[in-house]
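Spelled out from the first residue to the last, the chains are:
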Amino acid sequence: MDFVYNLILILHFIGLASVVGGFLVQMRSSQKGVNPAMLHGALTQLVTGLLLVGLPEMGVAVPFPGWESWDHVKIGVKLALTVVITVLAFVGRRKPMPQVGLWAAIGALSIANIFIAVLW
Ligand code: HEM
């Protein structure tokens, strides 16, 4: 099951690339907004993140030697930010471009989640 866990972690990185890449690629565009890569990346982060938490907590995978439990406050903050990102992405997909505010908020919250993931 550790192999499956690692495959899901790889999907987590692909989801990260999708949401942040979809944001960065529009940096110089005059029609900034939520593109499909940002929405699908956000959904990927939500699903893979919950699996990364759940598999070890159920006792079917060990993320790294000596792992005992996740920091649930850290996970809770990441989950809350990702839910907000996903809702904003759905809202953005239903609106006409440009949507600079939604685009900027999703990019900033996603990058904040990287800081939390690595530095917390
Ligand atoms: C935009 C959303 C997200 C981004 C950008 C993101 C980013 C990252 C990054 C960069 C890592 C690797 C950290 C490391 O190995 O040091 C990671 C790992 C992880 N993420 Fe996420 N994540 C997001 C959403 C979530 C969500 C919603 C959850 C759970 C509810 C989650 C749970 C985890 C877990 C359990 C790990 C592996 C353990 C760790 O090293 O912290 N992530 N994430």
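In this text, all values refer to a predicted model and were calculated from it rather than measured experimentally.

Novice: I'm lost on unusual backbone geometry in this one. Help?
Specialist: For residues besides glycine, phi is generally negative; the peptide bonds are generally trans as well. Along the chain, methionine 97 connects to proline 98 via a cis peptide bond; the corresponding omega equals -5°. In this fold, proline 98 is placed in the loop between α3 (72-93) and α4 (100-119).

Novice: For this particular structure, what's the right way to read the layout of surface pockets?
Specialist: Picture a little ball the size of a water molecule; that probe, rolled over the atoms, points out where space is still empty. Space inside the largest pocket adds up to approximately 700 Å³. If you trace the largest pocket, you find 28 residues lining it, with His12, Gly49, Leu52, Lys78 and Ala117 closest to the centre. Listed by contribution, the elements that provide at least two residues to the lining of the largest pocket are α1 (2-24), α2 (36-57), α3 and α4. If one sorts the elements of the lining of the largest pocket by residue count, α2 sits on top with seven residues.

Novice: Sorry if this is basic, but what is going on with a nonpolar patch on the surface here?
Specialist: On the surface, Met1, Phe3, Val4, Leu7, Ile10, Leu11, Ile14, Met58 and Val60 cluster together into a nonpolar patch covering about 880 Å² of accessible area. Take valine 4: it is sitting in helix α1. By relative accessible area, valine 4 is classed as partly exposed at 33%.

Novice: What exactly am I supposed to notice about the site of the ligand here?
Specialist: Close contacts around the ligand come from 20 residues, with His12, Trp70, Lys78, Thr82 and Asn113 the closest. One of the side-chain N or O atoms of lysine 74 is found 3.4 Å from an oxygen atom in the ligand. In this structure, a nitrogen atom belonging to the ligand sits 2.6 Å away from a side-chain N or O atom of lysine 78. Of the pockets mapped on this structure, the ligand occupies the largest pocket.

Novice: When you look at the coordination of the iron atom of the ligand in this model, what are you seeing that I'm missing?
Specialist: Of the protein atoms, only His12 (NE2) and Lys78 (NZ) coordinate the iron atom of the ligand, at distances of 2.0 to 2.1 Å. With six donor atoms in place around the iron atom of the ligand and angles of 83 to 178° between them, the coordination shape is octahedral. Here lysine 78 lies in helix α3 and histidine 12 lies in helix α1, a separation of 66 residues in the sequence. For histidine 12, a relative accessible area of 12% translates into the label buried.

What counts and how
The residue numbers shown here count from 1 along each chain, following its written sequence. Where local features are concerned, this predicted model is filtered to residues with pLDDT of at least 70; where side-chain atom pairs are given and counted, the filter is 80 or more; whole-chain, interface and lining totals use all residues. Excluded from the side-chain calculation are hydrogens and water; included are all heavy atoms of the structure. Segments assigned H or I by DSSP are reported as helices when at least four residues long, segments assigned E as strands when at least two residues long, and all are numbered from the N terminus. Both cavities and pockets are sets of points on a 1 Å grid over the protein atoms alone; in a cavity a 1.4 Å probe fits but cannot get out, in a pocket the set is open with protein on both sides within 12 Å along at least five of seven lines, and lining residues sit with an atom within 4 Å of a point. Grid points are joined across faces, edges and corners, and a volume is the space filled by probe spheres set on the points. Here, patches come from residues exposed beyond 30% relative accessible area and free of salt bridges, joined within 9 Å for like charges and within 5 Å for nonpolar side chains (Val, Leu, Ile, Met, Phe, Trp, Tyr). Per-residue accessibility takes into account occlusion by the displayed protein chains alone, with areas from the Shrake-Rupley method and a 1.4 Å probe. Throughout this description, the term salt bridge denotes a Lys or Arg side-chain nitrogen within 4 Å of a carboxyl oxygen of Asp or Glu. Relative accessibility under 20% of the residue-type maximum defines a buried residue, over 50% an exposed one, and the middle range a partly exposed one, all with a 1.4 Å probe and only protein chains included. In this text, near means that some heavy atom of the residue lies within 4 Å of the molecule or strand in question. Here a polar contact is recorded for every N or O atom pair within 3.5 Å, except that within protein the pair must consist of a potential hydrogen donor and a potential acceptor, and residues adjacent in sequence are included only if both atoms are side-chain atoms. Whether a molecule lies in a cavity or pocket depends on its atoms, and more than half of them have to be within 2 Å of the grid points. Each metal's donors are the N, O and S atoms within 2.8 Å of it, or within 3.2 Å when it is Na, K or Ca, and because water is not part of the set, sites may look incomplete. All geometry calls rest on donor angles, where a four-donor set with angles between 85 and 135 degrees is tetrahedral, four- and six-donor sets with opposite donors more than 155 degrees apart and all others between 65 and 115 are square planar and octahedral, and all else is irregular.

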